[in-house]
Structures are given as structure tokens and as C-alpha cells.
Amino acid sequence: MQSPLHQSFPAGLVTYTGIPQALRGFTLIEVLLVIAILGVLTTLAGPSFIPTIERWRVRQAAESLTSTIYYARSEAIKRSGRVVIQKLPNNTNGCTTASGTQDWDCGWLVCEDTNDNGVCNTTEPILQRYDTPTNVQVTRTGGAASIKLNRWGLVDGAWLGFSIVPLNESTANPAARGICMSSGGRIRVIPPEDIPCTSTSS
């Protein structure tokens, strides 16, 4: 009796090994060729995705900061003031680019300022926290590491300004955006050509 490998198969379906073509796998040369082609395509396509990724990260940070300001304003009105937006310290979650008081790269939080001293102390309730995406620089235009809101949800008659850019890029980068809040509370997202915010442009 013949073994299954030596049984007859229709013409065209049997290789010299006696295994049907439908059961054959890829050869090593075929696998290496596919890997080489994928490597070339990745090398060519990679740089074209960088601007898209940068725009997405900046947009995400800008939308989150805008949302935070609106949220903090509503909480300040509800609580008759005593609400602070404060930058997260340098070295938070591996972020090492926020060493200055105007560098908000690591993110920010909103707290209830129970002792009304204008900063978020460790014992005060955290109302919201946001960690920025990696490779994004968030810089406050003037001001310090915290923003105190009064009972009208305003920064005591002052204006706010932020610039958000890809890491190590300038505000001239096409992906850059600015966040401005006027002394009256109007919040706008501005394009690169209008950065930085000023007391008159906000």
C-alpha cells in the first residue's frame, strides 16, 4: 500500500516532493524579499508622516488647554473664585522640558484653592489634570507657573497667552498654535502668524 505522500494527484498539483502546491509555504528568499520591500517603503513614507503627527499632537494639546480654561472658569464662577490652573512640575512622567515657570510642557492641573493663596498645594482637591503628549512644547506668554481665577472666572482683569509647538520648533512652524484669553474672558486658538498673544490681540 502506498503512503499518502506517494499517492497520485491530478497533473499540475504535485511538486517534485510529492506535496500539493496548495500546502507549500513561503521560501526564505520570498520572505526576505518582502521584508526588504517593506523596509524601503517604510523609509520612503516615514518622513512624510512626521508633519501629520506633529499637527495631531499640537492640536490635541491646544484643544485640551482650551477645554481646561473653560472648565476652570466655570468652576471659579461656581465656587466664587478660589480656583487655580497650575503647570505640572518638571520630571513629571518622564517629561524633562519644563524647567522654567513659563514651560508647561509636562501638562497642568486645576485645583480648588481652599486657602486662596494662588497655588495648588498638595492637600488641596484636584479638579482636573492633563498630561501633554510627548514632543510638544507648551509655553506661557508672560506670567508664572499658576493662574488664579476670580469669582467671575477671569484672571483678575489680566489676559492669558500660550504657544504650542512641536518639540524644538519655533512658533513659525506650520503646526504651531496659540491659545489666547482676553481680559474679558474670550478664548481663541490662533495660527502661527498671530503668535504670540498680546494684551491687544487677545
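Being a predicted model, the structure only gives us computed values, none of them experimental. (Residues numbered from 1 in each chain as written. Predicted model: local features only at pLDDT ≥ 70, side-chain atom pairs only at ≥ 80, totals over all residues. Heavy atoms only, no water.)

Engineer: Could you give me a rundown of the sheet that holds strand β7 (residues 177–181), with the residues and numbers involved?
Structural biologist: The strands making up a sheet associate through backbone hydrogen bonding, with each pair oriented either parallel or antiparallel. Taken in spatial order, the 4 strands make up an open sheet running β4-β6-β7-β8, and their pairing is antiparallel. A single partner strand is all that each edge strand has here, and the edge strands are β4 (136–140) and β8 (187–190). For this sheet, the mean inter-axis angle between neighbouring strands, taken without regard to orientation, is 15°. Relative to β7, strand β6 (residues 160–166) runs antiparallel, the two being bridged by 5 bridges. Bridge assignment links Phe-162 to a residue of β7, and that residue is Ile-179. (Pairing = 2+ DSSP bridges. Helix = DSSP H or I, 4+ residues; strand = E, 2+ residues; numbered from the N terminus. Axes fitted to C-alpha atoms, helices over the stretch in contact; angles between N-to-C directions.)

Engineer: Can you lay out the confidence of the model for the protein chain for me, pointing to particular residues and giving the numbers?
Structural biologist: Summary statistics for the protein chain give a mean pLDDT of 86 and a share of 84% for residues scoring 70 or more. Averaged pLDDT values over the elements of the protein chain bottom out at 87 in helix α1 (residues 28–78) and peak at 98 in strand β2 (residues 108–112). (pLDDT = per-residue confidence, 0-100.)

Engineer: Go over the packing of aromatic side chains with me, naming the residues and quoting the values.
Structural biologist: The geometry of two aromatic rings is summed up by the distance between their centres and the angle between their planes. The final tally for this structure, using the stated rule, is 2 aromatic pairs. With centroids separated by 5.2 Å and ring planes inclined at 80°, the aromatic side chains of Trp-104 and Phe-162 adopt a geometry described as edge-to-face. Remark: Phe-162 occurs in strand β6 and Trp-104 occurs in the loop between β1 (83–87) and β2; sequence separation between them is 58 residues. Here Trp-104 falls in the buried class, since its relative accessible area comes to 0%. Phe-162 sits in the buried class, given a relative accessible area of 2%. Taken together, a centroid distance of 5.0 Å and an interplanar angle of 35° make the contact between Trp-108 and Tyr-130 tilted. Separated by 22 residues along the polypeptide, Trp-108 in strand β2 and Tyr-130 in strand β3 (residues 126–130) bring together distant segments of the chain. Across the pair, exposure class does not vary: Trp-108 and Tyr-130 are buried alike. (Phe/Tyr/Trp six-rings, centres within 6.5 Å; stacked < 30°, edge-to-face > 60°. Buried < 20%, exposed > 50% of the residue type's maximum accessible area, 1.4 Å probe, protein only.)

Engineer: Please set out the state of the cysteines residue by residue, giving values where relevant.
Structural biologist: One covalent bond between the sulfur atoms of two cysteine residues makes up a disulfide. Tallied over the full model, the rule gives 3 disulfides. Two residues, Cys-111 and Cys-120, share a disulfide whose sulfurs are 2.2 Å apart. A torsion of -95° about the S-S bond marks the disulfide between Cys-111 and Cys-120 as left-handed. For the residue pair Cys-111 and Cys-120, the accessibility class agrees, reading buried in each case. (Disulfide = S-S within 2.5 Å.)

Engineer: Would you mind going over the environment of Gly-185 in detail, with residue names and values included?
Structural biologist: Residue position: Gly-185 is located in the loop between β7 and β8. Residues Gly-185 and Leu-160 lie 25 residues apart in sequence; the distance between their C-alpha atoms is 9.2 Å. The contacts of Gly-185, once residues within four sequence positions are left out, are Arg-73 and Leu-154. (Contact = heavy atoms within 4.5 Å.)

Engineer: For the pattern of salt bridges, give the residues involved together with the corresponding values.
Structural biologist: Applying the stated criterion across every chain, the model contains 6 salt bridges. Salt-bridge contacts for Glu-63 lead to Arg-59; the nearest nitrogen and oxygen are separated by 3.0 Å. Here Glu-63 and its partner Arg-59 are both found in helix α1, 4 residues apart, which amounts to about one turn of the helix. Classification of Glu-63 as partly exposed rests on a relative accessible area of 47%. The exposure class assigned to Arg-59 is exposed, which follows from its relative accessible area of 56%. (Salt bridge = Lys/Arg side-chain N within 4 Å of Asp/Glu carboxyl O.)

Engineer: Summarise the nonpolar core; cite the residues concerned and give the values.
Structural biologist: Residues Ile-85 and Ile-164 are the most contacted members of the largest nonpolar core, which totals 24 residues. For this core, the elements supplying multiple residues, two or more each, are α1, β1, β2, β4, β5 (146–149), β6 and β7. The element that contributes the greatest number of residues to this core is α1, accounting for 7 residues. Core analysis: the second largest hydrophobic core is formed by 8 residues, Val-84, Leu-88, Leu-109 and Cys-120 among them. (Core = buried A, V, L, I, M, F, W, Y, C linked by side-chain atoms within 4.5 Å.)

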